[in-house]
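# Remarks on the overall topology
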Amino acid sequence: MSERPQNEPAEPDDPDEFEEIVGAETDRDPDLAVIEAGSRTLRTQSGPPQGDGIPARPADPEVDRALREVEAELAKRWPETKLDPSLERIEALMDLLGSPQRAYPSIHITGTNGKTSAARMIESLLGAFELRTGRYTSPHVQSITERISLDGAPVSAERFIETYQDIKPYVDMVDVQQEHRLSFFEVLTGMAYAAFADAPVDIAVVEVGMGGSWDATNVIDAGVSVIMPISLDHTDRLGTTPEQIAQEKAGVVKQDATVVLAQQPVEAASVVLKRAVEVDATVAREGMEFGVLSREVAVGGQLLTLRGLGGEYPEVFLPLYGAHQAHNAAVALAAIEAFFGVGTQHARTLDIDTVRTAFASVTSPGRMEVVRRSPTVVLDAAHNPAGARAAAEAVTEAFGFSRLIGVVGASDDKDVRGLLEAFEPVFAEVVVTRNSTHRAMDADALAAIAVEVFGADRVQVEPRLDDALEQAVTLAEEEGEYSGAGVLVTGSVITVGEARLLLGKG
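Described below are features of the structure shown in this document.

How each quantity is defined
- Residues numbered from 1 in each chain as written.
- Predicted model: local features only at pLDDT ≥ 70, side-chain atom pairs only at ≥ 80, totals over all residues.
- Heavy atoms only, no water.
- Pairing = 2+ DSSP bridges.
- Helix = DSSP H or I, 4+ residues; strand = E, 2+ residues; numbered from the N terminus.
- Axes fitted to C-alpha atoms, helices over the stretch in contact; angles between N-to-C directions.
- Contact = heavy atoms within 4.5 Å.
- Salt bridge = Lys/Arg side-chain N within 4 Å of Asp/Glu carboxyl O.
- Buried < 20%, exposed > 50% of the residue type's maximum accessible area, 1.4 Å probe, protein only.
- Expected span 1.5 Å × (residues − 1).
- Arc of directions from axis to C-beta.
- Polar contact = N/O pair within 3.5 Å; in protein donor to acceptor, adjacent residues only side chain to side chain.
- Patch = residues over 30% accessible without salt bridge, like charges linked within 9 Å, V, L, I, M, F, W, Y side chains within 5 Å.
- Areas by Shrake-Rupley, 256 points an atom, 1.4 Å probe, with all protein chains shown as cover.
- Parallel < 35°, antiparallel > 145°, perpendicular 65-115°, else oblique.
- Left-handed = near helix turned anticlockwise from the far one by under 90°.
- Nonpolar A, V, L, I, M, F, W, Y, C, P; charged D, E, K, R; others polar.
- Core = buried A, V, L, I, M, F, W, Y, C linked by side-chain atoms within 4.5 Å.

## A closer look at the sheet that holds strand 14 (residues 403-408)
Within a sheet, adjacent strands bond to each other through the backbone by hydrogen bonds, running parallel or antiparallel. Across the sheet, which stays open at both edges, the 6 strands sit in the order 12-13-17-14-15-16 with mixed pairing between neighbours. The sheet is open, and its two edges are formed by strand 12 (369-372) and strand 16 (459-461), each paired on a single side. Neighbour to neighbour, the strand axes of the sheet diverge by 25 degrees on average, direction disregarded. Note: strand 14 against strand 17 (residues 485-490), 6 bridges, orientation parallel. Each bridged residue has a counterpart across the sheet, and for Arg 403 the counterpart in strand 17 is Ala 485. On top of the sheet, helix 14 (residues 443-454) reaches strand 14, strand 15 (429-432) and strand 16; it is set at about 175 degrees to strand 16, its chief contact. Sheet strands touched by helix 15 (residues 465-476): strand 12, strand 13 (376-379), strand 14, strand 15, strand 16 and strand 17. Its angle to strand 14, the strand with the most contacts, is close to 175 degrees.

## Considering the pattern of salt bridges
A complete count under the given rule lists 24 salt bridges for this structure. A salt bridge links Asp 198 to Arg 159, with the nearest nitrogen and oxygen atoms 3.8 Å apart. With Asp 198 in helix 6 (residues 184-198) and Arg 159 in helix 5 (residues 157-177), this pair connects stretches of sequence that are 39 residues apart. Judged by its relative accessible area of 58%, Asp 198 falls in the exposed class.

## Re helix 14
Think of an α-helix as 3.6 residues a turn; residues three or four steps apart then line up on the same face. Taking 1.5 Å as the rise per residue, helix 14 with 12 residues should run 16 Å; its terminal C-alpha atoms sit 15 Å apart, in good agreement. Every buried residue belonging to helix 14 is among Ala 443, Leu 446, Ala 447, Ile 449, Ala 450, Val 453 and Phe 454, and all of these are buried. Across the axial projection of helix 14, the buried residues extend over an arc of 165 degrees, all falling on one side. In helix 14, the exposed positions that point more than 90 degrees away from the buried face belong to Asp 444 and Glu 452. Its buried side turned inward, helix 14 meets strand 14, helix 13 (416-423), strand 15 and strand 16. Its side-chain oxygen 3.0 Å from the backbone nitrogen of Asp 444, Asp 442 forms the N-cap of helix 14.

## Concerning a nonpolar patch on the surface
Side chains of Leu 96, Tyr 170 and Met 173 sit close together on the surface and give an oily, nonpolar patch of about 230 Å² of accessible area. Take Met 173: it is sitting in helix 5. Exposure remark for Met 173: the relative accessible area of 36% places this residue in the partly exposed category.

## Section: the sheet that holds strand 8 (residues 282-285)
Strand order in the open sheet formed by 8 strands is 4-3-2-5-1-6-7-8, and the pairing between neighbours is mixed. In the strand order of this sheet, the two ends are held by strand 4 (153-154) and strand 8, each with one partner. One ladder, built from 4 bridges, connects strand 6 (residues 224-227) with strand 7 (residues 258-261); its direction is parallel. Residue pairing across strands places Ile 227 opposite Leu 261, the latter belonging to strand 7.

## A short note on the packing of helix 12 (residues 385-399) against helix 13
Look at helix 12 against helix 13: their axes get within 8 Å of each other, and the N-to-C directions meet at 15 degrees. Looking at the two axes, helix 12 sits roughly parallel to helix 13. Crossing of helix 12 over helix 13 shows right-handed handedness. Residues Pro 385, Ala 388, Arg 389, Ala 391 and Ala 392 of helix 12 lie in contact with helix 13, whose contacting residues are Gly 418, Leu 419, Ala 422 and Phe 423. Of the residues belonging to the contact of helix 12 with helix 13, the class tally is 7 nonpolar, 1 polar and 1 charged.

## Observations concerning the environment of Ala 284
Tracing the backbone shows Ala 284 in strand 8. For Ala 284 and Leu 261, which are 23 residues apart along the polypeptide, the C-alpha to C-alpha distance reads 6.0 Å.

## Details of the pairing of strand 12
In this sheet, strand 13 lies alongside strand 12 in antiparallel orientation, the contact comprising 3 bridges. The residue bridging Arg 372 from the neighbouring strand is Val 377, located in strand 13. Turn length for the strand 12-strand 13 hairpin, with the two strands adjacent in sequence and antiparallel, is 3 residues, and the turn residue Ser 374 shows positive phi of about 55 degrees.

## With respect to the nonpolar core
Counting residues in hydrophobic clusters, the biggest one holds 43 residues, and the most contacted among them are Ile 107, Ile 122, Val 226, Val 260, Leu 306 and Phe 359. Of all elements in the fold, only strand 1 (106-110), helix 4 (115-128), strand 5 (203-207), strand 6, strand 10 (301-307), strand 11 (312-318), helix 10 (323-339) and helix 11 (352-360) reach the threshold of two or more residues within this core. Among the elements that make up this core, the one with the highest residue count is helix 10 (10 residues). Aside from chain neighbours lying at most four places away, what touches Val 260 is Val 224, Ser 225, Val 226, Ile 227, Ala 284, Phe 290, Val 331, Ala 334, Ala 335 and Ala 338. By size, the runner-up hydrophobic cluster in this structure holds 42 residues, among which are Leu 93, Tyr 136, Val 155 and Leu 188.

Given below as structure tokens:
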């Protein structure tokens, strides 16, 4: 593992202050403390994108019809929840397309929670420094076109359709050559890489779909690998311990790359550090080389002081709620510094005004997102116990509801009990429901678990999501001491996306 050069400040200006940071950071996992180990082009739009980046259905009926046809064709393929430990098909597709993923540098993001928010922050920072970006994230909240973004905005429906049609002949060629057809996620990955090369972009920000080593996105050779917090999720496919899951996710770390490592369970961090040694990668660790110096709740978000690889960044406003988003911001900033060579080629901070502007414009739909007032309705896509704990802490800190009603619709393959247990201390009552997909857990089955966690008197069942929302709002509108009540809709990205539509967003 490469050492950082001597010209990088080994200690902060106030050593005692940074000791406090390390202590505060490792409160999330104290064991981590013991581990020792561009070009500038014209942008295609003026200024940062407006709105939340969630497109509505196309207004043109013909375009909408064509998009639905593409969606239907993609849906006939293996779903993205089915993992095949092979890169053979995606490599064959990339070869036929002329290796578009090698036409630009990239930042690769894996981990269990926080990937999409970090990707959007990284994208915003790169855009603020006048780099043209491509961002590939999953799953989508409402529209499949969200997954592929250029310059901070989802590609248009027309461009999405055109990109699919452009690569479809090559997809068909791979399909007939391989034992299994390309999966839904593999085709989308090929579309993203092709769209980025066609744009062209200066840099791609790529979120892993599942795992790392065998994920379809892992045909890129990223100079910066970001590993967000690792916890238990997809245990049937990735492993049943943080160490096993980290083994899969560490596969994104490439030779001589820089690894930006969020706080981890000690066994997961050890796996990543071992991988870094094997490929001579440089590691920047949250709580050691970078971190959150301070944070305070502010109107509409929080005010941060971040320590990056090159120094401090004070008074950074982040319009997102929760300590977890502050940590995501620290990771995103370190990733950008690593991309620009801060800490290896030189030791200085990035322009503070540019950094502040970038963070102030960040959005992350479906992540502690307020979509209604009177009563306040908040959406959060937490779908595993770690995400639920972060959401529970964030909603308590940011809103201070006198009474919080939960609406939970989860997928059948998740640790639903763990998720409900994380929310139990903050939900006065919970309305269990289901979303419209085949992966959704049956509402009665979810209710049975909820009764065990909450007790029968705190659980209501509404199989239809619209009815569940109406019931939760009714409970929150009760008079008297409950006038400060709110609603949190959670359990699945799909549930949040459908609730968003029902509540008039997008």
